Amino acid sequence: MVEESNLKLTGESRQKIVALKQLYPSPRSAVLPALHVVQEQFGYVPVPPMAEVADILEILHGEVEQVATFYRMYHQQPVGKFVVKVCDSISCYLRGSDELLAQGQQKLGVKCGGTTPDGQITLDKIECLAACGNAPCIQVNDEFIYDVTPAQFDAVLDELKRAKKNPYFVP
Amino acid sequence: MSVINYKSNQIFPPPPPSGDPTYQYILLKHRVVPGLRKLAVYQKEGGYEGLKKALNDYQPGQVIDLVKQSGLRGRGGAGFPAGTKWSFIPKVGGAKYVCCNADESEPGTFSNHELIENNPHQLIEGILITCYAIGSELGFIYIRGEFARGARVLEEAVKEARAAGLVGKNILGTGFNCEVIVHRGAGAYICGEESALLESLEGKRGFPRLRPPFPAIAGLYARPTVINNSETLCNVPHILRHGPEWYANYGTEKTKGFRLYCLSGHVERPGNYELPCGTTFRKLIYDLAGGVWKGRKLKALIPGGSSTPFLAATDEVLDTPMDFEGIAARGSMQGSAGVIVFDDQTCIVGAVLRLVEFYKDESCGKCTPCREGTQWLVQILHRLEHGEGRPGDLELLLNVGSNIAGKSFCLLGDSAPVPIESALKLFREEFEYHIHQGRCMVGPGANRPVTIGAAH
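Fair warning: this is a prediction, and the values are worked out from it, not measured in the lab.

Novice: Help me get a handle on the overall build of chain B, residues and values and all.
Specialist: Scanning chain B for helices and strands turns up 18 helices and ten strands. The C-alpha radius of gyration of chain B comes to 23 Å, within 12% of the 23 Å expected for a compact globule of 456 residues. In terms of overall dimensions, chain B has C-alpha extents of about 75 × 50 × 35 Å along its principal axes. Here chain B, with 456 residues, has 61% of them falling under the buried criterion. Accessible surface, chain B as shown: approximately 16,000 Å² in total, 52% of it carbon and sulfur.

In structure tokens, the structure reads:
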């Protein structure tokens, strides 16, 4: 396990961030996509790479940090390999999202926001995912699963317990 | 493709169209044309003809006039005429920008999601035409972070378009230069508010700006900027291709064209329905979507996303044309056309709590009334819902609500109390029942034994 203070961006990540910097009329505009690159590498947004992002974009460290702490997709702490997000906004609520969330907590033995001891799955809820016509819907990391029944949800969690890569990725 | 001139009273069949080949989708054409995502297929279906026409046949100002004539109004919620918005851009030199708002996050709204993942070129073409019309050489698509797939699809489409000379320098040999940048947000409803979107695109927290100045004068990087919803921009290529008269042939007198009605909640067949503006709720919910699910009765509906007031299930409401004026006449709003249906087994207190929780979670924290007030609203609703309501709570809810609305920078604060106020008007007795009986008046929660503190 690497100490957080030693976490560094890979050359590939740095290159991606440099390319983003050149894409926009103002380098600061690249902060959000750059933090996505950071999260892609580490699974969350640790502090030291934030400073690297700031240095590449030639902005203040605090300017990166204020963004990283504002937007909910950036995890401040390490999370499970797969983050299962159950939409609990109104249209999903009307079609059983609370029941799914309860089912998930029971099956995984974690509370909402918690991670299984093996670090495989984090269960969380999320605000409206704009898939209300296919409610209830969930996301596994950034991929959608629509019209989720309790039986399907059970199967999804079983699959994720063993999965190496996100099985729900659609190009 | 031959174009059928639908008259405004004609109804598009419901999705899925059960293999009916006579049906013609416009915005949702991908449902009947496999592979429309790819440039070659899109072009075969007449794609980028609108852009060609704009660049070859019209001056930028004429394009704005065409869009004005079509009567196209913004699909994001406010319904502002798109052409008029574009005409506010000053005719000055220097950088100008077009920002497509694809930060679709309003509960009950999901049209952008389908349009982007299945027909990205339709949106890109709309952005290019808009850029040409206002004299911009750079368009942004601000897509919500959760639409990772949507962003991938758009990136790939931009790449395809660039390779075909449709994005970049000297587009179609006309001397028009234009770039399109796909920019992923990172999870914040507030960034759908146009000035917060601009802040976010500049790499900052999504805090709304004080206006004036409006984005048309000082928007992105303090330059003149047009911001339109994705669905609005998706209409533009069709207007250019078929003409404003064709477009204005659909819809009602003041709300022209067709739009995607996002139907969700307790209906048999939820989904996006592409219909002429002004179709009635009855047609949408009962004729097309199979009515309320499980054979139940309609209790209420929200007509235009979670920020619009509840409407009762009366015949008068059901026969209301879904356009900006029609719904306003019933005391609610067209908004984003996200129609949310509630059946008669729904406890209104639980539903309102869930609606308001959204605004609490999504308040950006800039304005004190909204940041603190939404917390208070949720606290009070939470105790009502859980059998701990107190006499006077309903008045307190209204009082707190009136101290948020109109006292915050942006519409999020104005929206947060809306579900409470409108539900109290229609279903006050259910709230009172919760206070006095400690449990729900209707639905599954009505049968539970009363245990104060755990009525639900």
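After presenting the structure, the write-up continues.
Novice: Outline the packing of aromatic side chains, supporting the account with residue identities and numerical values.
Specialist: All names here are of chain B. For the coordinates displayed, the defined rule picks out 20 aromatic pairs over all chains. When the ring of Y189 is compared with that of F358, the centres are 4.7 Å apart and the planes differ by 70 degrees; the resulting orientation is edge-to-face. Taken together, the residues Y189 in the loop between β4 (176–184) and α8 (194–201) and F358 in helix α14 (residues 348–362) connect sequence positions 169 residues apart. Here F358 and Y359 contribute two aromatic rings whose centre-to-centre distance is 5.3 Å and whose plane-to-plane angle is 90 degrees, an arrangement assigned as edge-to-face. For the pair F358 and Y359, a shared accessibility class is recorded, and that class is buried. Just above the ring of W293 sits the side chain of K294; from NZ or CZ to the centre is 4.1 Å. When the ring centre of F427 is taken as reference, the NZ or CZ atom of K299 above it lies at 5.0 Å.

Novice: Give a description of the nonpolar core that names residues and reports values.
Specialist: Membership of the largest hydrophobic core comes to 158 residues, with the highest contact counts inside it found for L35 and Y71 of chain A together with W86 and F431 of chain B. When residues no more than four places from it in sequence are discounted, the contact partners of W86 of chain B are I64, V67, T130, A133, I134, V226, N228, L233 and V236 of chain B. In terms of nonpolar packing, the next biggest core, distinct from the first, is built from 23 residues, Y261, L275, I285 and L311 of chain B among them.

Novice: Quick one: what's the story with the domain arrangement of chain A, residue by residue and with numbers?
Specialist: Partitioning chain A into structural domains gives domain 1 (4–70) and domain 2 (82–162). In this structure, domain 1 of chain A and domain 2 of chain A have C-alpha centres spaced 29 Å apart.

Novice: Would you mind going over the pattern of salt bridges in detail, with residue names and values included?
Specialist: With the rule as written, the count across this model stands at 44 salt bridges over all chains. Between R31 of chain B and E114 of chain B there is a salt bridge, and its shortest N-O distance comes to 2.7 Å. Placement of the pair is R31 of chain B in the segment before α1 (39–44) and E114 of chain B in helix α5 (residues 111–118), with a sequence separation of 83 residues. Note on R31 of chain B: relative accessible area 26%, which makes it partly exposed. The shortest N-O distance in the salt bridge between K204 of chain B and E202 of chain B comes to 2.9 Å. We classify K204 of chain B as partly exposed; its relative accessible area is 23%. Residue classification places E202 of chain B among the buried residues on the basis of a relative accessible area of 9%. Residues participating in the shared-partner salt-bridge network are D88, D98 and K125 of chain A together with R354 and E357 of chain B.

Novice: An account of unusual backbone geometry is requested, with residue identities and associated values reported.
Specialist: For the bond from R211 of chain B to P212 of chain B, the omega torsion is -5 degrees, close enough to zero to count as cis. Cis geometry marks the peptide bond from P212 of chain B to P213 of chain B, where omega comes out at 5 degrees. By the secondary structure assignment, P213 of chain B is in the loop between α8 and β5 (225–229). Not every positive phi belongs to a glycine, and D147 of chain A is a case in point at roughly 50 degrees. Relative to the helices and strands, D147 of chain A resides in the loop between β4 (143–145) and α7 (150–162). Since its relative accessible area comes to 38%, D147 of chain A is described here as partly exposed. Positive phi is not limited to glycine here, since Y221 of chain B has a value of about 50 degrees. Here Y221 of chain B lies in the loop between α8 and β5.

Novice: If you had to explain the interface of chain B and chain A to someone new, which residues and values would you point to?
Specialist: Between chain B and chain A, the residue contacts involve 60 residues of the former and 43 residues of the latter. Approximately 4,000 Å² of surface area, both sides summed, lies buried where chain B meets chain A, with 56% of it carried by carbon and sulfur atoms. Ranking the residues of chain B by area buried against chain A places E146, R205 and R354 of chain B at the top, with a combined share of 18%. Taken together, the links from chain B to chain A amount to six salt bridges. With its nearest N and O atoms 3.0 Å apart, the salt bridge here joins R152 of chain B to E143 of chain A. At the boundary of chain B and chain A, one finds 29 residue pairs in polar contact (both at pLDDT 80 or more). When contributions to the side of chain B that touches chain A are tallied by element, the ones reaching two or more residues are α5, β2 (138–143), α7 (148–163), β4, α8, β6 (258–265), β10 (338–343) and α14 of chain B.

Novice: Lay out the packing of helix α2 (residues 31–42) of chain A against helix α3 (residues 47–57) of chain A in plain terms, naming residues and giving numbers.
Specialist: Residue and element names in this part refer to chain A. As a packed pair, α2 and α3 sit with axes 11 Å apart at the nearest point and diverge in direction by 145 degrees. With respect to the hand of their crossing, α2 and α3 are arranged in right-handed fashion. Judged by residue contacts, V31, A34, L35, V38 and F42 of α2 engage P49, M50, V53 and L57 from α3. Class assignment of the residues belonging to the contact of α2 with α3 gives a composition of nine nonpolar, no polar and no charged.

Novice: Give me the lowdown on the sheet that holds β4 of chain A, citing residues and values where you can.
Specialist: Residues and elements named next belong to chain A. Spatially, the four strands line up as an open sheet ordered β2-β1-β3-β4, and their pairing is mixed. For this open sheet the edge positions go to β2 (121–126) and β4, each flanked by a neighbour on one side alone. Along the sheet, successive strands turn relative to each other by an average axial angle of 25 degrees, direction set aside. Bridge analysis of strand β1 (residues 82–87) against β2 gives six bridges, and the strand direction is parallel. Bridging across to β2, C87 finds its partner in I126. Contacting β1, β2, β3 (138–140) and β4, α7 crosses the sheet at an angle of about 165 degrees to β1.

Novice: So what's going on with the domain arrangement of chain B? Which residues, and what values?
Specialist: Residue and element names in this part refer to chain B. Entries for chain B in the domain assignment read domain 1 (37–248), domain 2 (258–343) and domain 3 (348–455). Centre-to-centre, using C-alpha coordinates, domain 1 lies 27 Å away from domain 2. Each side of the interface is counted separately: domain 1 has 20 residues, and domain 2 has 20 residues. When the two sides are added together, the surface that domain 1 and domain 2 hide from each other amounts to roughly 1,500 Å², 54% of it contributed by carbon and sulfur. For the pair domain 1 and domain 2, the number of links is one salt bridge. In this structure, E325 and R73 form a salt bridge, with 3.1 Å as the shortest nitrogen-oxygen distance. The tally of links between domain 1 and domain 2 comes to ten residue pairs in polar contact (both at pLDDT 80 or more). Mapped by element, the contributors of at least two residues to the side of domain 1 that touches domain 2 are α5, α9 (230–242) and α10 (244–248). Per-element accounting of the side of domain 1 that touches domain 2 gives the leading share, three residues, to α5. Its residues assigned to classes, the side of domain 1 that touches domain 2 comprises seven nonpolar, eight polar and five charged.

What counts, and where the lines are drawn
- Counting from 1, residues in each chain are numbered in the order their sequence is written.
- Whichever chain is written first becomes A and whichever ligand is written first becomes 1, with later ones labelled in order.
- Two thresholds apply to this predicted model, a pLDDT of at least 70 for residue-level local features and 80 or more for giving and counting side-chain atom pairs, whereas whole-chain, interface and lining totals are computed over all residues.
- Computation of side-chain values: all heavy atoms of the structure, hydrogens and water removed.
- The helix and strand labels rest on DSSP assignments: H or I over at least four residues marks a helix, E over at least two residues marks a strand, and numbering proceeds from the N terminus.
- With C-alpha atoms as the basis for the radius of gyration, the globule rule is written as 2.2 Å multiplied by the number of residues raised to the power 0.38.
- A simple rule labels every residue: compare its accessible area, found with a 1.4 Å probe on the protein chains alone, to the largest value its type can have, and call it buried under 20%, exposed over 50%, or partly exposed in between.
- Surface exposure here means Shrake-Rupley accessible area, sampled with a 1.4 Å probe, where a residue is shielded only by the protein chains that are shown.
- Geometry of aromatic contacts follows a simple scheme: Phe, Tyr and Trp rings, the Trp one being its six-membered ring, pair when their centres are within 6.5 Å, and the pair is stacked under 30 degrees between planes, edge-to-face over 60, tilted otherwise.
- Whether a charge lies above a ring is judged from NZ of Lys or CZ of Arg, which has to be within 6 Å of the ring centre and within 35 degrees of the ring normal.
- We define the nonpolar core as a collection of buried residues of types Ala, Val, Leu, Ile, Met, Phe, Trp, Tyr and Cys that are connected through side-chain atoms lying within 4.5 Å of one another.
- Should any heavy atoms of two residues lie within 4.5 Å, those residues are counted as being in contact.
- Either an automatic procedure or a domain database provided the assignment from which the domain bounds are taken.
- Salt bridge, as applied in this entry: a Lys or Arg side-chain nitrogen positioned within 4 Å of an Asp or Glu carboxyl oxygen.
- What counts as buried area is the accessible surface, traced by a 1.4 Å probe, that two parts surrender upon association, with contributions from both included.
- Polar contacts, as used here, are pairs of N or O atoms within 3.5 Å; protein pairs need one atom able to donate a hydrogen and one able to accept it. Residues neighboring in sequence count only if both atoms are side-chain atoms.
- Lines fitted to C-alpha atoms define the axes, with helix axes restricted to the stretch in contact, and inter-axis angles between N-to-C directions lie between 0 and 180 degrees.
- Each crossing gets its hand from how the near helix is turned against the far one by less than a right angle, where anticlockwise is left-handed and clockwise is right-handed.
- Throughout this entry, Asp, Glu, Lys and Arg are counted as charged residues, while Ala, Val, Leu, Ile, Met, Phe, Trp, Tyr, Cys and Pro are counted as nonpolar. The remaining residues, Gly among them, count as polar.
- Strand pairing follows a simple DSSP-based rule, namely that at least 2 bridges must link the two strands.

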